[in-house]
Amino acid sequence: MIQSLLNLFKIGSPKVDLVLQSHQIVPGAIVKGSFHIYGGWLPQKIKRLECDFVREAKDRKIEVIAPAATVLMSQTIERKGKREVPFHYQIPEDLPPTSHASSYRLQTKIVFVDDVKRFDHDELVVIN
């Protein structure tokens, strides 16, 4: 019961951070890095890790351009543990550059067995 309440308020729960080698990219390039998963106060079973490449236009909803990664897992992240999962994704070649009207990012989500979710967002600057 206490663990459910802590997870509900995201107190002491595990988290994910996508660490990239570079945040500036050109269309067609491969973005590389790794997902860093950090354990919380208690062991937690991981169901999956998802990452989407999205565009956010000014005054509009977020548009998913493409799923960048989905990693199905059946692992437990131990209390205060750390795990790294490699990541790479090829940016579409026909992508317009970042502007004041639109921006790009990688939106990461980690899902645990009890359907608790944690999110991370990493902005990317597309240049020509």
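Nothing here was measured: the structure is a model prediction, and the numbers come from that model. (Residues numbered from 1 in each chain as written. Predicted model: local features only at pLDDT ≥ 70, side-chain atom pairs only at ≥ 80, totals over all residues. Heavy atoms only, no water.)

A.B. asks: What exactly am I supposed to notice about the pattern of salt bridges here?
C.D. replies: Opposite charge on two side chains makes pairing possible when the charged atoms of those side chains draw close. This model, assessed by the stated rule, comprises 6 salt bridges. For Glu 50, the salt bridge identified is with Arg 48, shortest N-O distance 2.4 Å. By relative accessible area, Glu 50 is classed as buried at 19%. Linked through salt bridges whose partners overlap, the residues forming this network are Arg 48, Glu 50 and Lys 109. (Salt bridge = Lys/Arg side-chain N within 4 Å of Asp/Glu carboxyl O. Buried < 20%, exposed > 50% of the residue type's maximum accessible area, 1.4 Å probe, protein only.)

A.B. asks: Would you explain the nonpolar core in this entry?
C.D. replies: When a protein is soluble and globular, its nonpolar side chains tend to lie buried together. Ranked by size, the top nonpolar core spans 28 residues in total, and within it Phe 35, Ile 37, Phe 87 and Leu 106 carry the most contacts. Looking at this core, the element that brings in the most residues is strand β5 (residues 62–77), giving 5 residues. If near-sequence neighbours (up to four positions away) are discounted, Leu 106 is found in contact with Leu 18, Leu 20, Val 31, Cys 51, Asp 52, Phe 53, Ala 68, Phe 87, Asp 120, His 121, Asp 122 and Leu 124. (Core = buried A, V, L, I, M, F, W, Y, C linked by side-chain atoms within 4.5 Å. Helix = DSSP H or I, 4+ residues; strand = E, 2+ residues; numbered from the N terminus. Contact = heavy atoms within 4.5 Å.)

A.B. asks: Which parts of the structure should I look at to understand the side chain of Asp 122?
C.D. replies: Tracing the sequence through the fold places Asp 122 in strand β8 (residues 117–126). At 9.0 Å, Arg 105 is the nearest oppositely charged side chain to Asp 122, a buried residue that forms no salt bridge. Asp 122 has contacts with Leu 18, Leu 20, His 23, Tyr 104, Arg 105 and Leu 106, leaving out every residue within four places of it along the chain. (Lys, Arg positive; Asp, Glu negative; His and termini not counted.)

A.B. asks: Looking at this structure, how should I read the sheet that holds β5?
C.D. replies: Sheet strands pair via backbone hydrogen bonds, and the direction of the pair is either parallel or antiparallel. The sheet built from 5 strands is open, its strands ordered β2-β8-β7-β4-β5 with mixed pairing. Sheet topology places β2 (24–25) and β5 at the edges, where each strand pairs with a single neighbour. Relative to strand β7 (residues 102–112), strand β4 (residues 44–57) runs antiparallel, the two being bridged by 11 bridges. Bridge pairing in β7 places Arg 48 opposite Val 111. (Pairing = 2+ DSSP bridges.)

A.B. asks: Is there a simple way to think about the packing of aromatic side chains in this case?
C.D. replies: Aromatic rings considered in pairs are described by the distance between their centres and by the relative angle of their planes. Using the criterion set out here, one finds 3 aromatic pairs in the structure. For the ring pair Phe 53 and Tyr 89, a centre distance of 5.7 Å and an interplane angle of 45° mean the geometry is tilted. In this pair, Phe 53 is assigned in strand β4 and Tyr 89 in strand β6 (residues 82–90), connecting sequence segments 36 residues apart. Across this residue pair, the class does not change: Phe 53 and Tyr 89 are buried. Between the aromatic rings of Phe 53 and Tyr 104, the centroid separation amounts to 5.7 Å while the plane-to-plane angle is 10°, which identifies the pairing as stacked. (Phe/Tyr/Trp six-rings, centres within 6.5 Å; stacked < 30°, edge-to-face > 60°.)

A.B. asks: Please explain unusual backbone geometry as it appears in this structure.
C.D. replies: Apart from glycine, the bulk of residues carry a negative phi angle, and the bulk of peptide bonds sit in the trans form. Located in the positive-phi region is Lys 80, a residue other than glycine, with phi close to 60°. As for its placement among the helices and strands, Lys 80 is situated in the loop between β5 and β6. If you check the backbone angles, Asp 115 has positive phi at about 65° while not being a glycine. Its location among the elements puts Asp 115 in the loop between β7 and β8.

A.B. asks: Got a minute to help me understand the side chain of Ser 34 in this structure?
C.D. replies: With respect to the helices and strands, the residue Ser 34 is situated in strand β3 (residues 30–38). Side-chain polar atoms of Ser 34 contact the side chain of His 36, separated by 3.0 Å. Aside from chain neighbours lying at most four places away, what touches Ser 34 is Asp 17, Leu 18, Val 19, Glu 84, Val 85, Pro 86 and Phe 87. (Polar contact = N/O pair within 3.5 Å; in protein donor to acceptor, adjacent residues only side chain to side chain.)

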